Amino acid sequence: MQKIDTVSRQLMLESLKHYAEQKLPFDFLRKSDAENYFSAEKVKEIYKTLGINLLLIPREYGGLASSTSDIYRICQALARIDLGIATAIFATFLGSDPINVGGTEEQKKYWFSKMARENLLVAYGATEADAGSDLIALKTRAEQIIKDGKITHYKINGSKMWISNGGIADLYTVLALAPGGPCWFLIPRDTKGFTQLKHEDKHGIRLANTAGLCFENVIVPAENLIGLKEGQGFLQAQAVFGYTRLMVAALALGAGQEAVENAIIYANNRVQAGSPLSHKQGYMHKLITPHYIKFEAARSFIDQIAKILDTNNYGQATEGAIAKYYASRAANAAADDAIEALGGFGYTKDFPVEKIKRDVKITCIYEGTSEIMEMTIYRGRWQEHLKTRGNFYLDKAKEISTDIYKDIGGKALSLGLNALNDILEECRLNRLTRHQHITLELGRLIASAEVAFAFIKQAQSGSVVEGCPFNLETIKTMARINAKNVALEIASSGAKLLNSALEKPTEKDLYISEIAKECCGIIKDMDSISSVLKDTFRK
Amino acid sequence: MTDLKSYKNIWVFAEIDQINKTLKSVSLELLSAAKKLAGELNCKTAVVIIGQENKKFFDEFSKYGADIIYNIEDVSFTHYDTQNYFQILFALTKKYKPEAILFPSTYIGRDLAPRLASRLSCGLTADCTALSSKDANLVQSRPAFGGNIMADIICPNTRPQMATVRANILPKIILDIPTKPQIIEEHFKAIPSKVRLIKTKEDKRSEILKPEEADIVISIGRGVKNKETFSLIKEIAGKLGAALGATRPVIEEGLLPKNHQIGQSGVTVKPKIYISFGISGALQHTVGMNNSDLIISVNKDDKAPIFNLCQYGFVGDVEQIVPKILQAINKLK
Amino acid sequence: MNIIICLKQVPDTAKVKMNPDGTLIRTGVPSILNPYDHFALATALEIKKQTGAKIKVLSMGPSQASKVLRLALALGADEGYLLSDKAFAGSDTWATAYALSCAIKKISPFDLILCGQMAIDGDTAQTGPEIAGQLNIPQITFCSNIEEVSPKTLTVKKLIDGGHQILEITLPALITLTTPHNFVFPYPSFTDIFKAQEKPLFTWTAQDVNADINKLGLKGSPTRVAKIYPPVQKQKGAVKTLSADDTALEIIKILQAQKVIK
C-alpha cells in the first residue's frame, strides 16, 4: 500500500506551520495559557482543517496510516507551536493505540471509521492516583454482567487522574481490572455514570485539557472490550511504550528547539558592547550551542528508532526510554538556559521562552518520569550486558574504532564505550547494582552513550536526517564534539560512581587520560557550530 | 550572428500617464541617462513617443538632450495597448536598429519591454537602478534576491540592449543648451486589439494606511506625550502618504488601534523610510522595524538604543520639532 | 476551459541574509512556492470552482521543484509538469520563457495561462510577458483580480500608475497576477496532500518538449551576469543635536533627497 512520501511529509509539515501562523499566533497562545483554556472546538478545528487526526488511522477506514517516521516529525512540529496543543492531539493518537494493538478487525472498522468521520477527540485513561508507572496497582474494576451464560456487559467502577483531553474527549480508552486481568474498554463520553472532573491548574501545557475521570456503575457493552479478551491490557500497553515514549522525545525536541531558536534570534538582534550577543563565544558556548548539539544527537537517535519501529511495529522499549529521557532532559536544560539567554526579556511573558520552559517540564513526567526511564534503561541494558557477557558495548566500541569514524569522534566514543563496559563489569563483580543510586546513574550514562553512538553513525552515513537544517559537515562537527563530551562524562562520572560505592578505589582507569587527550579542538569545533547556528536562525 | 556594429543610438521610451495624460517624469530621467551613455558610446539619443498630441512634450525632450524624436501620433494610440505599442516598436527597431532601448520600470514599461525582447530575441534587464558602459556594452545594475545582492548585467551578443529602469533613482539633468532634435514622424495604423479597455479609474489613497503595506512609516513612542503633537504627526503622515505605527505602551494607551503596533507582539514592517518620534528603541520594538531601508529617529536621550540603528539620528524634543516639520512641509506646498 | 499555471520554486528571500563578504547565506533558507504564483493558483482554483476548468501546473527546475507542483496538485490542480534538464540550468528570463513556451505547446490546447507577476528571487516580472511573446498570444500583466470569466473572454482588473483599469481580453491569453496584501495563502489538508501523490505528474527534458538546445541555459541566454556584489551597506549615521528649526530642516532635506517631497 502506498506510503506517505518525503514530499508529502514536507508539505504536511508546511501546512501545519501555515495553519499555526494563521490561526494560532503567539498572542493567542499566550492569552490561552493565561486563561488556562483552549476549547475542544479549537482542537477539532485543527482536525477538520488539516486531518491530522487521520494520521494513525488505517487507510481502509479513511485514515492515512502514517509511519512512525511521519508521526514523530508531526509531534515535533506540533510541539514547536504549543506543547499543550501537541499533547491534546497526541492524546488522541495515544487513545487509539490500544485499538491498533489489540482491537479485533470489527472493532477497528467500527471505531476507526467513526473517529475519522466524526473527528473524535480521544483520551487515554490509564493513570490513577495510586497507579502511575506502576499500573499493577490499578484499582478501577470491571465486573462482568452475565446474561444467559454470556458476558453481555461490564460494570466499571473507579477513577482516573491527570487524563489528557479528560474533560473534553468524545471517546475514552480506559484501563480497568476485569476478573480475567487488566483490559481496555472503549467508553463514549455520554455514558451514564461516567463523569469528568475539573480541568487541572497546571504549571505548564495549560492549553492541554487535563482532568480526572470518575466511573460509578458505568455499564459498557462487552463488545467495547478491546480485543474481546480479558487480561491483555498490560501487554497492549507495554507493546507501544517504545513508540509512545519516542513520541514524547519528539515533543520535547520540538519544544526545546523552539526555545533555543528563539534565543538565537534574540542574540542576533541584541547588541551589547558593539556586537550582537550571538557573536560572543562565552554566551554561545554556555547558553546555546551545547543544547543544539544535543538536539541534533537526539534527532538522529529518534530517527533511527523510528525507522526500526516502521519495520517492526512494536518493541524498542529501552530505546524509547532512552529517547524520551535524553530528549526531555536536553530540552528542559535548553529551555532554562533560553530564559537566561534572553535576560530580563526571557523572564517576561512577552517572549515565548518562559512558556516553553514551563510546558516542557511535562516531558520529564508523562509517559513515565525520568527516574522510571533511568530504571528502564538500566534494566534493559543490564540484561544485554549479562546476556552478551560484556560484549554489548565492546562490540559497539569496536565498530566505531575504525578509520571511517576517525574524524567524527569515533576514537573518543570508542574509549567511552570501553569505559562504560568496565563500569558495568565493576558493578557486576562488586554487586554494586544493589544501590538504586547506582542503577539510576547507569541509566543516565547509558542513554548519553547510545545517543552519541547513534549520532556518529548518522554523521558517518553520509546524509543528514530529513528535516535537519544543517549540512553534513556541520552534523559531523556536532557528532565529534558530542562524542568527546560523552566519553569524558562516562569516564569521570563512572570513576566517581564506582568509588563512591566501593571500599577501596577501583583499579580501572576508565581510559580517562586517553579520553582527555581526545578533547583537543572542542572549542574550535564549537566556534564553528556557534557560527552556523547564528546564521541559520535569523529573523 | 548579429552584426552588432550596425546598431546605433540610445533610445528612450517616453511614457505618458494613463490617467492625467502628462509625460511621466521618469522619461526625462531616462533621457538624462541616455545622454550620458550616448556620450560614452559616441552615438545619439532618441525618444520614442506614442500617443496623441505629443508635440507639447518636445520642448522637454530638447531640454534633457534628445537628438532624435520618433513621433507616432494617432487618436487610436491614446491609451496604452500592448499589441499596438509592441508592433510599432518592433517595426521601428527593425528599421532603425538602436544600440539600446531604455524603458521606465512602470506597469507599462514592464509590460511592453519583455514582449518586445521576447520577439527580438534580445536580452532585457529588469528594474535597473544604475546604468553605465564598458567595452561598448551597456552595464545594467540591479538589485536581486529581495535587495540582498546587486548584479551587473550585460548583453554582449545581442542588440538592441534593453533595460527597464526604476523611477526616482537616476538624476534628471537639464542641459545648458537645449538640443534641436530631429523629428521623425512615423505612421502606423492601429490593429484591432484582443484587449479592450472598459474603464480607467483613479484610486484614491486610502485614509488609514496599514504600516506593513506602506512605503513610509511614522512611528511614535512614549516620547510623544501630548495629543496635540500626535495630531500634528497624523497630519504630517497624511501629507507624506505615510502609515502610522507605535510602540506597545502607546497602543495600550489607546492612541492607535492594535494593528498599528510595531514589534515583538505587533507587526513587522520594512518600509523604504521609517521615521520614529520619541522611541527609545527597546528590543521589543526594534525587532519589528530594524530591516527598514532608511531609519530617521528623533529622541531626547542621546544614549537611546534607537540611535544605534538609524541612518539619521536627531537628539531633541519631539514636541518642539514636530510642529516645525509640519510648518516646513506646508511651506513647500 | 484549460488553464496552465506557471509555478516557480524560490528561496524564501525574506529569510536570505548576506555574509559580510557579500555572499549569500543559504543555510536554513526554505524553498517555497513563489507567493505571486500561489495567488495565481488560488485564482485558477476559483475559476475551476465556477466553471469546472482543468488546471495544469508547469514548473522548471531541479527535481526538488516537484514539491511546488505537488502542493498545487494537493490544492486542486489536475496535472503537473516539471521541466528538468541540465540544459535549462542558467537560463535567463528569455531562455526560461522559451523553454516554458515549448512545454506549453506540448501541453496544448489551453485557453488561459496564468503567471504570478514576478518571482521574489528575481523580481524581473519578465518571464510571463516573454512567454506570451513567444506564443504570440495577447497578454495583460499586473492584474489584481479576474472579474469575469466567459468561454471566449476574460475581464480583469489591471493596476496602472495611480489607479486601475478594467480590461476585457480575448482568449487564449496570458495574464500575470499581483498578490493582494491581505491574501491568505491556502494550504492543503493532510488528506489532500496524500491524494496528490496519485495525481499525474510528468517530468520532461529539453528533448521531450522539442526545445532547441542552443536557445536554452547559459548558451541561449542573451543576458550575462557580469558581476555580483553586496549592495552599499546602510551606514549607521551620525547623531546630531541641533535646534528644533534646524532638525526640522534636516529632516525635510532627507525627505527631499528620498524624493518623498519636492
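Draft legend 1. Seen up close, the overall build of chain B. A count of helical and extended segments in chain B gives eight helices and 16 strands. About 14,200 Å² of surface is accessible on chain B, with carbon and sulfur atoms providing 51% of the total. Separation between the mean location of the 44 positive side-chain charges and that of the 35 negative ones in chain B comes to 3 Å.

Draft legend 2. Inspection of the overall build of chain C at higher detail. Looking only at helices and strands, chain C has seven helices and 15 strands in total. A principal-axis box enclosing the C-alpha atoms of chain C has dimensions of 70 × 40 × 40 Å. On chain C, roughly 10,800 Å² of surface is accessible, and the fraction owed to carbon and sulfur atoms is 52%. Counting 28 positive and 23 negative side-chain charges, chain C places the averaged centre of each group 4 Å from the other.

Draft legend 3. Structural view of the nonpolar core. Counting residues in each nonpolar core, the largest one holds 214 residues, and the members touching the most others are A:I52, A:L55, A:L83, A:I288, C:I5, C:L114 and C:I175. For this core, the leading source of residues is helix α8 (residues 241–269) of chain A, giving 16 residues. Look past the residues within four positions of A:I288 in its chain and what remains in contact with it is A:V260, A:A263, A:I264, A:Y283, A:A341 and A:L533. Core analysis: the second largest hydrophobic core is formed by 37 residues, B:I218, B:L240, B:I325 and B:L326 among them.

Draft legend 4. Focus on the domain arrangement of chain B. Domain parsing of chain B yields domain 1 (4–185) and domain 2 (211–332). Placing the centre of domain 1 of chain B and that of domain 2 of chain B at their C-alpha centroids yields a distance of 39 Å.

Draft legend 5. How the structure looks around the sheet that holds strand β10 (residues 182–185) of chain B. Residue and element names in this part refer to chain B. With parallel pairing, seven strands are arranged side by side in an open sheet as β5-β9-β4-β1-β2-β3-β10. Either end of the sheet is taken by a strand with one partner, and the two such strands are β5 (124–128) and β10. Averaged over all neighbouring strand pairs, the angle between strand axes comes to 20°, with direction disregarded. Examined bridge by bridge, strand β1 (residues 8–14) and strand β4 (residues 98–104) share four bridges and lie parallel to one another. Bridge pairing in β4 places I10 opposite A100. Helix α1 (residues 25–41) contacts β1, β2 (45–51), β4 and β9 (161–165) of the sheet and is inclined by roughly 175° relative to β1.

Draft legend 6. Quick peek at the sheet that holds strand β14 (residues 224–229) of chain C. The strand order across the open sheet built from four strands is β6(B)-β7(B)-β8(B)-β14(C), with neighbouring strands paired in antiparallel fashion. Single-partner strands in this sheet number two, and they are β6 (130–134) of chain B together with β14 of chain C. Across the sheet, the mean angle from the axis of one strand to that of its neighbour is 30°, orientation sign disregarded. When β6(B) meets strand β7 (residues 137–144) of chain B, the two strands line up antiparallel, connected through five bridges. Of the residues in β7(B), the one forming a bridge with B:S132 is B:V139. Set on the sheet, α1(B) makes contact with β6 and β7 of chain B; between it and β6(B) the angle comes to about 5°.

Draft legend 7. View of the state of the cysteines. Residues and elements named next belong to chain B. Going through the model one piece at a time under the given rule, you end up with zero disulfides over all chains. Of all cysteine sulfurs in the structure, the one in C155 sits closest to C43, which takes part in no disulfide; the separation is 16 Å. Residue C43 is classed as buried on the basis of its relative accessible area, which comes to 16%. Not part of a disulfide, C155 finds its nearest cysteine sulfur in C122, a span of 7.9 Å.

Draft legend 8. Spotlight on the confidence of the model for chain C. The predicted model of chain C averages 92 in pLDDT, with 94% of residues at 70 or higher. Across the interface, the model reports ipTM at 0.93; the global pTM reads 0.90.

Draft legend 9. Region of interest: unusual backbone geometry. A cis geometry characterises the amide bond from B:R159 onward to B:P160, with omega recorded as -5°. Topologically, B:P160 is positioned in the loop between β8 (149–154) and β9. Residue C:P172 is bonded to the preceding C:L171 through a cis peptide linkage, with omega at 0°. Its location among the elements puts C:P172 in the loop between β11 (163–170) and β12 (173–177).

Draft legend 10. Geometry of helix α16 (residues 436–461) of chain A. Residues and elements named next belong to chain A. Here α16 spans 37 Å end to end across 26 residues, near enough to the 38 Å set by a 1.5 Å rise per residue. When you tally the buried positions in α16, you get 20 out of 26 residues, the bulk of the element. Phi turns positive one or two residues past the end of α16, at G462, with a value near 95°.

Draft legend 11. Seen up close, the interface of chain C and chain A. Contacts between chain C and chain A engage 23 residues on the former and 29 residues on the latter. Summed over both partners, the interface of chain C with chain A comes to about 2,400 Å²; 57% of that surface belongs to carbon and sulfur atoms. By the criterion of area lost to chain A, the three top residues of chain C are C:Y187, C:F190 and C:F194, representing 35% of everything that side buries. At the surface where chain C touches chain A, the tally comes to two salt bridges. Close ionic contact of C:R70 with A:D5 constitutes a salt bridge, the shortest N to O distance being 2.7 Å. Inspection of the region where chain C meets chain A yields nine residue pairs in polar contact (both at pLDDT 80 or more). Every element with two or more residues in the side of chain C that touches chain A is listed here: α2 (66–75) and α5 (190–196) of chain C.

Reading guide: rules and limits
Residues numbered from 1 in each chain as written. Chains lettered and ligands numbered in written order. Predicted model: local features only at pLDDT ≥ 70, side-chain atom pairs only at ≥ 80, totals over all residues. Heavy atoms only, no water. Helix = DSSP H or I, 4+ residues; strand = E, 2+ residues; numbered from the N terminus. Areas by Shrake-Rupley, 256 points an atom, 1.4 Å probe, with all protein chains shown as cover. Lys, Arg positive; Asp, Glu negative; His and termini not counted. Charge placed at Lys NZ, Arg CZ, Asp CG, Glu CD. Core = buried A, V, L, I, M, F, W, Y, C linked by side-chain atoms within 4.5 Å. Buried < 20%, exposed > 50% of the residue type's maximum accessible area, 1.4 Å probe, protein only. Contact = heavy atoms within 4.5 Å. Domains from an automatic or database assignment. Pairing = 2+ DSSP bridges. Axes fitted to C-alpha atoms, helices over the stretch in contact; angles between N-to-C directions. Disulfide = S-S within 2.5 Å. pLDDT = per-residue confidence, 0-100. Expected span 1.5 Å × (residues − 1). Buried area = accessible area lost by both parts, 1.4 Å probe. Salt bridge = Lys/Arg side-chain N within 4 Å of Asp/Glu carboxyl O. Polar contact = N/O pair within 3.5 Å; in protein donor to acceptor, adjacent residues only side chain to side chain.

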